[in-house]
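Summary of structural features
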Amino acid sequence: MKNYKPLRNVSRRRFLALGGGAMAAAAGLSALPVNRVLAYNDLLAPNQATLPLTFDMVATDGWIALPGSLNPIPGVTTSYYPDPYAAANGNQQGQTTYIFGFRQVPTGTDPLSLKGQAQASAPLLYVNENTDVTIRLTNAGLQQRPDLVDSHTIHWHGFRNAIPLFDGVPEMSISVPIGQNFTYYYKPINPGTYMYHCHFEDVEHVHMGMTGVIFVRALQNTGMMRSNPADPINSTLVPAVDSTNTPIPLARLAGGPASSPLGYVYNDGLQPTDPNSSAYDREFTIFLSEVWAKAHYNDAHIQPTDWSEYAPDFWLMNGRCYPDTLAPSSNPLVAPSDPRLQFQPISSLVTANEGEKVLLRAVSLGYQQSSLNITGIDLRLVGKDAVFLRSNTDEALRTGIPRINPVNTEFSTNTIYIGPGESVDAIFIAPTFSGGTGTSGLGYDTYLFYNRNFANSTSGSSSSYGGQMTEIRIYPAGTLQSQTAPNY
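Note that the coordinates shown come from a computational prediction; the quantities given were computed from them, not determined experimentally.

1. Some points on the overall build of the chain
When its secondary structure is counted, the chain shows 5 helices and 25 strands. Restricting the contact set of the chain to residue pairs at least 6 apart, pairs at least 24 apart contribute 74%. When the accessible surface of the chain is totalled, it reaches about 18,700 Å², and 56% of it is carbon and sulfur.

2. Quick notes on the pairing of strand β25 (residues 469–475)
β25 sits mainly inside the fold: 7 of its 7 residues count as buried. Here β25 shows no split at all, with M469, E471, R473 and Y475 on one side and T470, I472 and I474 on the other all buried. As paired strands, strand β24 (residues 445–451) and β25 are joined by 6 bridges and run antiparallel to one another. Across the sheet, residue T446 finds its bridge partner in β25, namely R473.

3. Points about the sheet that holds strand β16 (residues 350–353)
Reading across from one edge, β16-β25-β24-β18-β22 is the order of the 5 strands in this open sheet, with mixed pairing throughout. Among the strands making up the open sheet, the edge pair consists of β16 and β22 (415–418). The average angle at which neighbouring strand axes cross in this sheet is 15°, direction not considered.

4. As for the environment of S370
Following the sequence through the fold, S370 ends up in strand β18 (residues 370–374). On the basis of relative accessible area, S370 is assigned to the buried category, the value being 2%. Distance in space between the C-alpha atoms of S370 and Y417 is 6.1 Å, their sequence separation being 47 residues.

5. Considering the side chain of S348
As for its position among the elements, S348 is in the loop between β15 (314–317) and β16. At a separation of 3.5 Å, a polar atom in the side chain of S348 contacts the main-chain carbonyl oxygen of M317.

6. Considerations on the pairing of strand β9 (residues 211–217)
Of all 7 residues making up β9, 7 are buried, and the element is well covered by its neighbours. Of the two faces of β9, the one lined by T211, V213, F215 and R217 and the one lined by G212, I214 and V216 are each fully buried. Relative to β9, strand β4 (residues 125–128) is paired through 4 bridges, and the arrangement is parallel. By the bridge assignment for β9, L125 is matched with I214. By the bridge criterion, 6 bridges tie strand β8 (residues 192–197) to β9 in an arrangement that is antiparallel. Residue pairing across strands places Y196 opposite G212, the latter belonging to β9.

7. Remarks on the sheet that holds β9
Strand order in the open sheet formed by 4 strands is β4-β9-β8-β6, with mixed pairing between adjacent strands. Only two strands of the sheet have a single neighbouring strand rather than two, namely β4 and β6 (155–157). Strand after strand, the sheet turns through a mean of 30° between neighbouring axes, direction not considered.

8. Observations concerning the packing of aromatic side chains
All chains considered together, the criterion is met by 19 aromatic pairs. A centroid spacing of 4.9 Å and a plane angle of 45° characterise the contact between Y81 and F314, whose relative ring orientation is tilted. Linking Y81 in the loop between β2 (54–64) and α2 (84–88) with F314 in strand β15, this pair joins segments that are 233 residues apart in sequence. F314 carries the same exposure label as Y81, and that label is buried. Look at F159 and Y186: their rings are 5.8 Å apart centre to centre, the planes differ by 85°, and that puts the pair in the edge-to-face class.

9. Remarks on the environment of C198
If you trace the backbone, C198 turns up in the loop between β8 and α3 (202–208). On the accessibility criterion, C198 (0% relative accessible area) is buried. For the pair formed by C198 and F102, sequence separation is 96 residues and the distance between their alpha carbons is 9.2 Å.

10. Digging into the nonpolar core
Formed by 35 residues in total, the largest nonpolar core has its most connected members in F102, I154 and Y196. Going through the elements one at a time, β2, β3 (97–104), β4, β5 (133–139), β7 (180–186), β8 and β9 are the ones with two or more residues in this core. Sort the elements by how many residues they give to this core and β2 lands first, with 4 residues. Listed in part, the 24 residues of the second largest apolar core include A362, L379, V424 and A426.

Rules behind the numbers
Residues numbered from 1 in each chain as written. Predicted model: local features only at pLDDT ≥ 70, side-chain atom pairs only at ≥ 80, totals over all residues. Heavy atoms only, no water. Helix = DSSP H or I, 4+ residues; strand = E, 2+ residues; numbered from the N terminus. Contact = heavy atoms within 4.5 Å. Areas by Shrake-Rupley, 256 points an atom, 1.4 Å probe, with all protein chains shown as cover. Buried < 20%, exposed > 50% of the residue type's maximum accessible area, 1.4 Å probe, protein only. Pairing = 2+ DSSP bridges. Axes fitted to C-alpha atoms, helices over the stretch in contact; angles between N-to-C directions. Polar contact = N/O pair within 3.5 Å; in protein donor to acceptor, adjacent residues only side chain to side chain. Phe/Tyr/Trp six-rings, centres within 6.5 Å; stacked < 30°, edge-to-face > 60°. Core = buried A, V, L, I, M, F, W, Y, C linked by side-chain atoms within 4.5 Å.

What follows is the structure, given as structure tokens:
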């Protein structure tokens, strides 16, 4: 059980909570209410050159729906799934599993009013390189566990922070106590795919769902590049050109023409027609995590968990199990057509017209190794842990300055091998549509995208497909309109 303890027997959790309060006072943490800041509806806002610079987030708990079943434990009458407290909560509609998590704060909304409405996975965040970004985090407390006084943080995993204050590691920076908030500041200079999570009691909070994807869009989208790519801090911005001094087209994300690519994953110094370019026409994030039903049940029912016995039952893509992974993305602020998924708003369905370049940003914050497979489509891995895998020969020739990563380590495969805390950027060219009504019989071709560990492509003890699996649907050229946001 997790109860308050006398100070003469202070637990690590209690110590951090107290430390967070003291540090908060020293750093100017403010008690609510505070001045309202801009909220960013990350899933519904159109792609644009200038993104809002301030995100408003709240940390709390909630409930999600996982399809499947669990075999009863011999000799044990307790059912960890579905959690009976989910059904007992009058606000829930088919949810099964307790979580901790983040969610966006709508403009004009008191963050504390969102207690008990966390989403999984956390809001998808994306920012532009070389822009000032702030994230205000409010700790609303836990509706199901008011006895638990955990603080929370935001940690950009793999991101190079200038100072530890905004790194979110509670022992070295700030942890946000219940009822208070803290504003993180970043200025990204390295494009690529990252992840963020709460670093307070991180084994528990990460597994309970306080995890999400954040990616930094390349400066090259705006038609600019750094004068010295090897020294981004001391560089000046110059027009983006290739090795022949030919301008690189502005990306559509930054207002470029319809003939331009949607964006560039990295500052590659290449024309989008170059086969080695990181240009893409559509982008999708695939966030991998797991759910150990017993641990989630324990947190809802004030029971301890021995994490050395970790044994997940459900494997998730973007907070959902197949076939829910195919349901469209939705606005978490309104009830979707399937009310079970209101707090799991991010789809994993990948769609494209034939011939388009599709970017997959895969991230894992589970505790197990994953191996994502696509049969019949070659992937070109262009980035790993927010590092461009190709030596930028053209850029080096133009500037006379070699890249930090001088070796071309790009490779083609049909499998993304990804471990906990890792990210991969992979591009594929949508294959030619097969004609007629397609392999699906519905006007598109279907390719399965799944964890090749078949145990992870089920949900609990169910014998049917589930877990980490989704579809890639390829349409005839010109069928789909341009994306309005990632995963749409």
